[in-house]
Amino acid sequence: MGGGGEGASGPELSRDNMKGIVLALLSSGFIGASFIIKKKGLRKAAVASGVRAGVGGYSYLMEPLWWVGMITMIVGEVANFVAYAFAPAVLVTPLGALSIIVSAVLAHFILNERLHALGVLGCVMCIAGSVVIVIHAPQEQEITSVREIWNMATQPAFLLYVASVIVIVFVLVFYFSPLYGQSNVLIYTAICSLMGSLSVMSVKALGTSLKLTFEGTNQLIYPETWFFMLVVATCVLTQMNYLNKALDTFNTAIVSPIYYVMFTTLTILASVIMFKDWSGQSPGSIISEICGLIVVLSGTILLHVTKDYERIPQSRSVWPLFLSN
């Protein structure tokens, strides 16, 4: 593995980056399908019990179809988990755009959430932007101990980011969620995305620790490894809870792209702060990655705005929070 070299400087990607790419693509396929399966399960559970997950119901836990979706998502998350052990977050996270394409196409055929011509263009943009990111992505840093990652996680800049995320999440959960959670899609998705950025950093730390352990350098003897595991569990459980609320309350066509845009942006920001992914790269490569990311994000937004909005109640828009006093 290179020590922060440029992905565009050589004729081909490193073996570790290639493994990360393949795993990330497989992960996106499973996760994209899980959105649709879980949504179907949530609908069935709501019809059977009369209480939706968006208003606090948990009857979906008794619905087999929801568990099929959950297992599909777990498979995708495991592949994603392993991908972060081989490739930097700046490379792995944007490839999640494929999950938006998968969910948009399946929603068109299964949930009757129509995908129009401009939505297809959005899919093409997501793919094109992802290719640009792959071409210019940095190589994975060579890490020999979980304590190296711990030092990165406890640097002042990243601690400031963590503190900011915790404060914002608490405000969203205890103030904005009760008031606007049912009418503004940004509330639930922001909570998922903020916690997701921390979970990815911990997943990468934990995945690297396990990778080193399997290679013969035991990292399970260090308390830092177990701390990262605790953070992963806490963040993932919070994400799943609020993602269920978002999926049950709003159209999948809204939830998937907005969640992806926020999650990707915050995760890359966290990774650049903690792992210094852009250190050693030329300005040209960094600009290319940013442009690729913008194309991907624009594609997801295009997918979002071209979906079938007649099926979405007018009160469930993105804007009430900003228009209210």
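Residues numbered from 1 in each chain as written. Predicted model: local features only at pLDDT ≥ 70, side-chain atom pairs only at ≥ 80, totals over all residues. Heavy atoms only, no water.

Draft legend 1. Molecular detail of helix α8 (residues 185-214). Taking 1.5 Å per residue as the helical rise, α8 with its 30 residues ought to reach 44 Å, and the 41 Å between its terminal C-alpha atoms agrees with that figure. Of all 30 residues in α8, 28 are buried; the element is thus mostly enclosed. Residue Asn184 occupies the N-cap position of α8, its side-chain oxygen lying 2.8 Å from the main-chain nitrogen of Leu186. One or two steps after α8, the chain reaches Gly216, where phi turns positive at roughly 115°. (Helix = DSSP H or I, 4+ residues; strand = E, 2+ residues; numbered from the N terminus. Expected span 1.5 Å × (residues − 1). Buried < 20%, exposed > 50% of the residue type's maximum accessible area, 1.4 Å probe, protein only. Polar contact = N/O pair within 3.5 Å; in protein donor to acceptor, adjacent residues only side chain to side chain.)

Draft legend 2. Local environment of the environment of Asn244. The topology assignment puts Asn244 in helix α9 (residues 223-249). Here the alpha-carbon distance between Asn244 and Phe35, two residues 209 residues apart in the chain, equals 9.6 Å.

Draft legend 3. The arrangement of the environment of Tyr58 in detail. Within the secondary structure, Tyr58 sits in the loop between α1 (15-49) and α2 (64-86). Along the backbone, Tyr58 and Leu42 are 16 residues apart, and their C-alpha atoms lie at a distance of 9.4 Å.

Draft legend 4. The arrangement of the pattern of salt bridges in detail. Considering all chains together, one arrives at three salt bridges under this definition. Between Lys211 and Asp16 there is a salt bridge, with the nearest N and O atoms lying 3.6 Å from each other. Separated by 195 residues along the polypeptide, Lys211 in helix α8 and Asp16 in helix α1 bring together distant segments of the chain. Of the two residues examined, Lys211 and Asp16, each falls in the buried class. (Salt bridge = Lys/Arg side-chain N within 4 Å of Asp/Glu carboxyl O.)

Draft legend 5. Structural context of the nonpolar core. Ranked by size, the top nonpolar core spans 66 residues in total, and within it Met201, Leu243 and Met274 carry the most contacts. Counting residues per element, the ones that place at least two in this core are α1, α2, α3 (89-92), α6 (146-153), α7 (156-180), α8, α9 and α10 (252-274). For this core, the element with the highest residue contribution is α8, accounting for 15 residues. There are two domains that each give this core at least three residues, and those are domain 1 (15-113) and domain 2 (125-311). If near-sequence neighbours (up to four positions away) are discounted, Met201 is found in contact with Ala89, Phe158, Thr267, Ala270, Ser271, Met274 and Phe275. Formed by 16 residues, the second largest nonpolar core is a distinct cluster that contains Val90, Ile101, Leu115 and Leu303. (Core = buried A, V, L, I, M, F, W, Y, C linked by side-chain atoms within 4.5 Å. Domains from an automatic or database assignment. Contact = heavy atoms within 4.5 Å.)

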